[in-house]
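Okay, here's what each chain looks like letter by letter:
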Amino acid sequence: MLKNEYRGVWTIGEVRNGEISSVSYELLAWGKKLAEKLKVELSSVILGSDIQGELNELFHFGADVVYVVDDENLEHFLPDVHSRIYEALVKEYKPEIIIASATTYGRTIMPMLAAKLGTGLTADCTKLDVDVKERILLQTRPAIGGNVMATIKTPNHRPQMATVRPHAQKALVKDEKKDGKIILKNYPSEFYKSKYRWVSFERDKSVDSPIQESDVVISGGKGLKDGKNFKMLYDLAKKLNGAVGASRAAVDMGWIPYSHQVGLSGKTLSPRFYMAVGISGAVQHIAGMSSSEVIVAINKDPDAAIFKVADFGIVGDALEILPVLIKKLSDEVNEND
Amino acid sequence: MRIAVLVKEVPATDKVKMDEKTGTMIRSGMESELNPLDMYAVEEAVRIKEKFENVHVVAISMGPPQAVNSLKEAISMGCDDGYLMSDKNFAGSDTLATAYALSAAIQKLGNFDLIFTGERATDGETGQVGPSVATQLGIPVVTYVSKIEKISDEFVRVCRSIEGGKETVEVELPALLSVVKEINEPRIPNLAGKIASKSKKVPLLTANDIEVILDKVGLSGSPTRVVKVFYPKLSRDGKIIKVRDLESAVNELVEFMKQKGVI
Ligand SMILES: Cc1cc2nc3c(=O)[nH]c(=O)nc-3n(C[C@H](O)[C@H](O)[C@H](O)COP(=O)(O)OP(=O)(O)OC[C@H]3O[C@@H](n4cnc5c(N)ncnc54)[C@H](O)[C@@H]3O)c2cc1C
Ligand SMILES: Nc1ncnc2c1ncn2[C@@H]1O[C@H](COP(=O)(O)O)[C@@H](O)[C@H]1O
């Protein structure tokens, strides 16, 4: 393999319901730092059907080049079709680095693509850097429930591939003057032959906003005493534009569906703000949230392990604190209006 | 119908140590268990066996000799056979090399209609092995499967649990499904299962047995390298206050949230 043939940083954009989703912009923030250091172009790759919204936005948020494949057969995620197209794009344009978000999409398509290309892939990174001289991507990720961090590299294979935690990084400040180049690609019909048939999508009514997609997550545990009390967490989350998470104990009690579970056997998150209410802080729970930017805990037990990972904690009864907090936030919002 | 379930033995979650020099996990002398998330894969396979006739379920694991225990556990839950791929040539495999070796074993054991994996292993936590195995075998993969709606000879219809809801897709067989915890409630092995697993022989498969290219397994077959391993400081030494009067405690929290830009 001629490593030097490979140049440039690619980010795998995501399209949902025809619209470019926010992770696509976050990825550009991750990619920008690397592309600047390596002095190469930063690209976004977008696959979809009848893609709405402004491709120009991708330039405004950092992309120099946008590769677009827009075809009616790309309306739904058919993994064989998507991976075939990415493979063709990579073989033609030869990027040295490809990063995707560790969403269900990224975590499916990236290992498929890495297997096709026979290269390395590092999952769920919380930090990326590069060794400029060697042009090697340094990928740092937690493993074993956040107990260990490892820095991983792919020294001899190209491209170097990584998925990164969604929402661990903000998009760049928008620059409306920034422009770029769109490369529109078409592929012949045999590229769209699939072993999958998409049937339907049913929105989860219990979640306004999925926890993996939120900057703010308010989680409840067994300390809430009753499923009814989750209503308060929803109220609070709504005021903060956030989503509601839960400990496994709360899920096991049937207070909230499994899709809300945070932790080792649930979702692993890095939101900008995480609040744990009535959660003891078992290692398996901490595994899913310890890399959050800011952590607040409310627990009536002063020795609860959750306080160790908290930036701010209140020792007290959550059932008394929550109503006061919600009221206070309502007042704040009214004042600001 | 033949079903394979890929299971991994992992360190018991709360006691894991790493060797800082080599960047590998210290596995000896540590308690191990069947990856908790793989139990859902085993359970789902066994449920299919119980529902249809002529279903044979084979559990396959790659790991050190002691991983035979996890295969025995899978057998005690209802798998018919277990195979352990153990060979020093496999040591140091990353997800690409692991998936290559597993796909070679799957091909060797032959003719599977369905392959199940867990969502991810609780040690490496990549979730990459399933999609990579499927791709290396040239078969489709469906990830995050939370329900199997229908199985026929040619295809399977499943629900995927993804951001914001449930997606239903159909896929041709053979296919690999990686399942999430939502899919079922794994059984606790009963006495008969435990007895069956005791007497069952778990054949060992070496690199030679599964006819792998040696350069594609182990460290030499792994594109990735661990450069550095460190233990992050999880504790944050945050400010912890006791509630004396509710109003002022909440005020202090709100101030903190403002300062952090949450409000
Ligand atoms: C293999 C495995 C995987 C697991 N995966 C996960 C996972 O993904 N996610 C997860 O969360 N757990 C997981 N667990 C379970 C984990 O070990 C804990 O059992 C669980 O996190 C406990 O949930 P909890 O904190 O809500 O409940 P508890 O541990 O019962 O804690 C409740 C807390 O609420 C406090 N409290 C009680 N009343 C009040 C009140 N009125 N006001 C304020 N505080 C109050 C108590 O002081 C206590 O600290 C896993 C376990 C295993 C073995
Ligand atoms: N060494 C292994 N032997 C058998 N199955 C494995 C192995 N490693 C991973 N798997 C399977 O692949 C899934 C994902 O693992 P991982 O990609 O390591 O998170 C696991 O839940 C297992 O089903």
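As shown above, the structure is provided for reference.
Nothing here was measured: the structure is a model prediction, and the numbers come from that model.

*Asks:* Could you give me a rundown of the nonpolar core, with the residues and numbers involved?
*Replies:* With 96 residues, the main nonpolar core has Ile85(A), Met85(B), Phe116(B) and Ile148(B) as its most contacted residues. Those residues in contact with Ile148(B) that sit more than four places away from it in its chain are Glu44(B), Ile48(B), Phe116(B), Val156(B), Arg157(B), Val158(B), Leu177(B) and Ile183(B). Listed in part, the 39 residues of the second largest apolar core include Ile218(A), Leu240(A), Ala246(A) and Leu329(A).

*Asks:* Go over the pattern of salt bridges with me, naming the residues and quoting the values.
*Replies:* Residue and element names in this part refer to chain A. Applying the stated criterion across every chain, the model contains 34 salt bridges over all chains. Glutamate 57 is the partner of lysine 174 in a salt bridge, and the nearest nitrogen-oxygen pair spans 2.7 Å. One end of the pair, lysine 174, is in the loop between β11 (160-164) and β12 (181-184); the other, glutamate 57, is in helix α2 (residues 56-60), and 117 residues separate them in sequence. Under the relative-accessibility criterion, lysine 174 is labelled partly exposed at 36%. On the basis of relative accessibility, which here comes to 21%, the residue glutamate 57 falls in the partly exposed class.

*Asks:* Could you give an account of the sheet that holds strand β17 (residues 294-299) of chain A, naming the residues involved and the relevant values?
*Replies:* Taken in spatial order, the 6 strands line up as β15(A)-β14(A)-β16(A)-β17(A)-β18(A)-β13(B) in an open sheet, and their pairing is parallel. Across the chains shown, the open sheet's two edge strands, defined by having one partner strand only, are β15 (243-246) of chain A together with β13 (239-242) of chain B. For this sheet, the mean angle separating the axes of adjacent strands, direction not counted, is 15°. The pairing of strand β14 (residues 216-220) of chain A with β15(A) spans 4 bridges and is parallel. Across the sheet, residue Val217(A) finds its bridge partner in β15(A), namely Ala243(A).

*Asks:* How would you summarise the site of ligand 2 if you had to cite specific residues and measurements?
*Replies:* Residues and elements named next belong to chain B. Around ligand 2 sit 18 residues in total, of which Leu6, Asp38, Ala121, Thr126 and Gly127 are the nearest. One of the backbone nitrogen or oxygen atoms of leucine 6 is found 2.6 Å away from an oxygen atom of ligand 2. Here an oxygen atom of ligand 2 sits 3.0 Å away from a polar atom, N or O, in the main chain of glycine 118. If you list the elements that add at least two residues to the shell around ligand 2, you get β4 (56-62), α3 (95-109) and β6 (114-118). The element contributing the most residues to the shell around ligand 2 is β4, with 3 residues. For the shell around ligand 2, the residue count by class is 7 nonpolar, 8 polar and 3 charged.

Rules used throughout
- Going along each chain's sequence as written, the residues are numbered from 1 onward.
- As a convention, the first chain written is A and the first ligand written is 1, with the rest following in written order.
- This being a predicted model, a pLDDT of at least 70 is required before a residue's local features are given, and a value of 80 or more before pairs of side-chain atoms are given or counted; all residues contribute to the totals for chains, interfaces and linings.
- Values reported for side chains reflect all heavy atoms of the structure, with hydrogen atoms and water molecules removed beforehand.
- For this analysis, a nonpolar core means a set of buried residues of the types Ala, Val, Leu, Ile, Met, Phe, Trp, Tyr and Cys, connected via side-chain atoms within 4.5 Å.
- Only protein chains enter the accessibility calculation, which uses a 1.4 Å probe; a residue whose area is less than 20% of its type maximum is buried, one above 50% is exposed, and one in between is partly exposed.
- In this description, contact between two residues means that some pair of their heavy atoms is separated by no more than 4.5 Å.
- When a carboxyl oxygen of Asp or Glu lies within 4 Å of a side-chain nitrogen of Lys or Arg, that pair is called a salt bridge.
- Segments assigned H or I by DSSP are reported as helices when at least four residues long, segments assigned E as strands when at least two residues long, and all are numbered from the N terminus.
- Strands are treated as partners if at least two bridges between them are detected by DSSP.
- Where helices are involved, their axes are fitted lines through C-alpha atoms of the stretch in contact, as for all axes, and angles between N-to-C directions lie from 0 to 180°.
- The rule for a residue being near a molecule or strand is that one of its heavy atoms must lie within 4 Å of it.
- Think of a polar contact as two N or O atoms within 3.5 Å of one another; within protein, one of them needs to be a possible hydrogen donor and the other a possible acceptor, and neighboring residues in sequence only count if both atoms come from side chains.
- Residues are grouped as follows: Ala, Val, Leu, Ile, Met, Phe, Trp, Tyr, Cys and Pro are nonpolar; Asp, Glu, Lys and Arg are charged; all remaining types, including Gly, are polar.

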